[in-house]
Amino acid sequence: MEVSAVRLLRGGSLLRRNYPTCLSSWTTPRALHSSQSEALLSLTHSRLPCAPLHMLSDEEAMMKSAVKKFAQKQIAPLVSTMDENSKMEKSVIQGLFQQGLMAITVDTKYGGTGASFFAFVLAVEELSKVDAAVALLCDVQNTVVNGLLQKHGTEEQKVTHLTQLATQKVGSFCLSESGAGSDSFALKTRAEKKGSDYVLNGSKMWITSAGEAELFLVMANVDPSMGYKGITCFIVDRDTEGFHIGKTENKLGIRASSTCPLTFENVKVPEANILGQVGHGYKYAIGSLNEGRIGIAAQMLGLAQGCFDYTIPYIKERIQFGKRLFDFQGLQHQVAHVATQLEAARLLTYNAARRLEAGQPIMKEAAMAKYYASEVAGLTTSKCIEWMGGVGYTKEYPVEKYFRDAKIGTIYEGTSNIQLNTIAKVLEAEH
C-alpha cells in the first residue's frame, strides 16, 4: 500500500499551525469578553494582513488532499454496502489507522501523527464528504478518547493505551444513559470502592463505536451524595468480566457507525485505571464535549458540502422545458442561498478550531459552529433531494443517505436546543 502524505508528515512540525505573521503583534491590554477582541492589532509592528480563516498552509492543504484521496479510493466504493449492512468494513478501519487518522493530534512518541487540531478538522470534513459514519469513528477517537487520555492520563496510561489507540485499537466514550441524555450528569452508573478496586454497576445507552471498540472510557459516580462532583472516569477493557455490549441499534442514519447499549454487572476496575482525579469526570466531559462539538460541526459541514457537490452537476445537466434546471432563476436563488449558508458554517467551524489552537475560549464558538452546521446540513440535504426530484429520493443515488445522516447532527454531542442554551449562558456572562 502506498505511503500516505499524512504519514510522510509524521514526526515533524509540518502540520502544526503556522500562524500568520500579524498574530505576533497582537497584544492584550486588559481582560476582554470572548465576543469582543481578545487582542488589539498593532499595525505599527506588522504590515501583513491576517490570512482568511479558510486559507490553508501548504501542509494543511497536503493533509486535506491526502484524506480526500483516501476517502474516494478506499471508502467510497464501500459506502452503500456499509450503510445497508449497518457495519463498518474492517478494511476501512485498518485504513484509518494506516493513514494515521485515528491519532491525528497524538504526540509522535506515542505513535500519533502529531498534527494540529485544525488538521483534524480538515480530515473529518473530507471524510464526511464521502461517509459521515466513517468520519464519526475518526472524530470520537481523536477528540474524546485520545483527547482525554492526552490531557489527564498518567505517563503509564499514555504509554499503555495511547500507543494502541494510535495504531490498532478503537476507543469509545461512555456517558449517556436512559435517564441521562441532555441531562448527562444525572447518570446512575455507580462505582463502589472495594479494596484496591472499584466495582461498576449500571448501564449506558447510545454509545458510539461500541461495536468496534476495545477500550472504553466510562463515566460512573463514586459517591452519589455528592451529585455530579462524584463522577469519575474509568478505563475499561472490552473483555473485562461482567461488561456486556448490547445489540447495535437499527438507526436512520450513520448506520455504519455502531451505536450500542452497555451493561456493567460487578465490573472490577483497578484503581490504576482511574483517568485523572476522582470526582473530576464531569469537568473532563465538559471539556472534551466542547472540542467534540467542533468535530461534529466539521462532520456536518463536510456531509452538507459532499451532498451539494454531488447535486450541482446533476442540475446543470438535467433538461426540463428546453433548458437546464440550473438556468431557472428560482433554483439559482436557492442554490446561492445554500452555498452562502455552507460558507457561513465553514467560517464558524474554522474559527472555533483556530481559537482552540490559539488557547482562546471556545465554549460559545463551538456551540455556535455545531448548532449552525447541523441546521445547515439538514437544510442542504433536503434541498438537494428536491433539486434532483424523484431520483434524489431513491437509494440509487447517495443524496438520500446524506439526508438521513444529517439528522443526527441536531441530536448528539448536545441537541440544538442545548447548544442554544450554552450560547445564551455565555452571552449573559459576557454582558
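What counts and what doesn't
- Residues numbered from 1 in each chain as written.
- Predicted model: local features only at pLDDT ≥ 70, side-chain atom pairs only at ≥ 80, totals over all residues.
- Heavy atoms only, no water.
- Axes fitted to C-alpha atoms, helices over the stretch in contact; angles between N-to-C directions.
- Helix = DSSP H or I, 4+ residues; strand = E, 2+ residues; numbered from the N terminus.
- Parallel < 35°, antiparallel > 145°, perpendicular 65-115°, else oblique.
- Left-handed = near helix turned anticlockwise from the far one by under 90°.
- Nonpolar A, V, L, I, M, F, W, Y, C, P; charged D, E, K, R; others polar.
- Buried < 20%, exposed > 50% of the residue type's maximum accessible area, 1.4 Å probe, protein only.
- Pairing = 2+ DSSP bridges.
- Phe/Tyr/Trp six-rings, centres within 6.5 Å; stacked < 30°, edge-to-face > 60°.
- Expected span 1.5 Å × (residues − 1).
- Arc of directions from axis to C-beta.
- Contact = heavy atoms within 4.5 Å.
- Salt bridge = Lys/Arg side-chain N within 4 Å of Asp/Glu carboxyl O.
- Core = buried A, V, L, I, M, F, W, Y, C linked by side-chain atoms within 4.5 Å.
- pLDDT = per-residue confidence, 0-100.

**Observations regarding the packing of helix 8 (residues 281-317) against helix 10 (residues 363-388)**
(1) Moving on: In the contact formed by helix 8 and helix 10, the axes pass within 8 Å of each other and the chain directions differ by 20°. In terms of orientation, helix 8 lies roughly parallel with respect to helix 10. The way helix 8 lies across helix 10 gives a crossing that is left-handed.
(2) Moving on: Of the residues that constitute the contact of helix 8 with helix 10, the class distribution is 21 nonpolar, five polar and two charged.

**Section: the pairing of strand 3 (residues 171-174)**
(1) Moving on: Every second residue of strand 3 is oriented toward a common face, with Gly 171 and Phe 173 on one face and Ser 172 and Cys 174 on the other, all of them buried.
(2) Moving on: Across four bridges, strand 3 lies against strand 6 (residues 215-221) in parallel orientation. Across the sheet, Gly 171 pairs through a bridge with Leu 215, a residue of strand 6.

**Considerations on the packing of aromatic side chains**
(1) Moving on: In total, this model carries nine aromatic pairs according to the counting rule given.
(2) Moving on: Ring plane angle 80° and centroid distance 4.9 Å describe the contact between Phe 216 and Phe 243, whose orientation is recorded as edge-to-face. Of the two residues, Phe 216 is situated in strand 6 and Phe 243 in strand 8 (residues 243-245); the sequence distance between them amounts to 27 residues.
(3) Moving on: Judged by its relative accessible area of 0%, Phe 216 falls in the buried class.
(4) Moving on: What makes Phe 243 buried here is its relative accessible area of 7%.
(5) Moving on: For the pair Phe 308 and Trp 387, a centre-to-centre distance of 6.4 Å together with 70° between the ring planes defines the contact as edge-to-face. Highlighted residues: Phe 308 in helix 8 and Trp 387 in helix 10, separated in sequence by 79 residues. Accessibility classification places Phe 308 together with Trp 387 in one group, the buried group.

**Some words on helix 12 (residues 416-430)**
(1) Moving on: The terminal C-alpha atoms of helix 12, which comprises 15 residues, lie 21 Å apart, in line with the 21 Å expected from a rise of 1.5 Å per residue.
(2) Moving on: Those residues of helix 12 that sit buried are Ser 416, Gln 419, Thr 422, Ile 423, Val 426 and Glu 430. Each buried residue of helix 12 sits inside an arc of 120° when the element is viewed along its axis, so together they form one side. Of the residues in helix 12, the exposed ones pointing more than 90 degrees away from the buried face are Asn 417, Lys 425, Glu 428 and Ala 429.

**Some points on the pairing of strand 7 (residues 231-237)**
(1) Moving on: Counting buried residues along strand 7, six of its seven residues qualify, which places the element largely inside the surrounding structure.
(2) Moving on: Pairing between strand 6 and strand 7: seven bridges, direction antiparallel. In the strand pairing of strand 7, Ala 220 is matched with Thr 232.
(3) Moving on: The sheet contact formed by strand 7 and strand 10 (residues 274-275) spans two bridges and is antiparallel. Across the sheet, residue Phe 234 finds its bridge partner in strand 10, namely Ile 274.

**Re the side chain of Asp 139**
(1) Moving on: Here Asp 139 lies in helix 6 (residues 132-152).
(2) Moving on: Setting aside residues up to four positions removed in sequence, Asp 139 forms contacts with Phe 120, Val 124, Val 144, Gly 292, Gly 295 and Ile 296.

**Remarks on the pattern of salt bridges**
Opposite charge on two side chains makes pairing possible when the charged atoms of those side chains draw close.
(1) Moving on: If you walk through the whole model with that rule in mind, you get 17 salt bridges.
(2) Moving on: A salt bridge links Glu 365 to Arg 355; its shortest N-O distance comes to 3.8 Å. With Glu 365 in helix 10 and Arg 355 in helix 9 (residues 329-357), this pair connects stretches of sequence that are 10 residues apart.
(3) Moving on: Its relative accessible area of 8% is what places Glu 365 among the buried residues.
(4) Moving on: Across the pair Lys 383 and Glu 386 runs a salt bridge whose closest N-O atoms are separated by 3.6 Å. Of this pair, Lys 383 and Glu 386 both sit in helix 10, three residues apart, which is roughly one turn of the helix.
(5) Moving on: On the basis of relative accessibility, which here comes to 48%, the residue Glu 386 falls in the partly exposed class.
(6) Moving on: If you follow the salt bridges from partner to partner, you end up with Asp 83, Lys 395, Glu 400 and Arg 404 in one network.

**Digging into the side chain of Thr 240**
(1) Moving on: With respect to the helices, strands and loops of the structure, Thr 240 is situated in the loop between strand 7 and strand 8.
(2) Moving on: When residues no more than four places from it in sequence are discounted, the contact partners of Thr 240 are Val 267 and Lys 268.

**Side note on the nonpolar core**
(1) Moving on: In this structure, Ile 75, Leu 101, Ile 104, Leu 127, Leu 200, Phe 234 and Trp 387 are the most contacted members of the largest nonpolar core, which totals 118 residues.
(2) Moving on: Here the element with the most residues in this core is helix 8; it accounts for 17 residues.
(3) Moving on: Once residues within four sequence positions are removed from consideration, Trp 387 is found in contact with Phe 308, Thr 311, Ile 312, Ile 315, Leu 325, Leu 331, Gln 334, Val 335 and Val 338.

**Quick notes on helix 8**
(1) Moving on: With 37 residues, helix 8 should reach 54 Å at 1.5 Å per residue; the first-to-last C-alpha distance of 54 Å fits that figure.
(2) Moving on: Counting buried positions along helix 8 yields 29 of 37 residues, so the element is predominantly enclosed.

**Here's the deal with the confidence of the model for the chain**
(1) Moving on: Per-residue confidence for the chain gives a mean pLDDT of 90; residues scoring 70 or more make up 89%.
(2) Moving on: Contacts from residues 12-48, a stretch scored under 50 in pLDDT, to residues over four places away or in other chains number 64 contacts.

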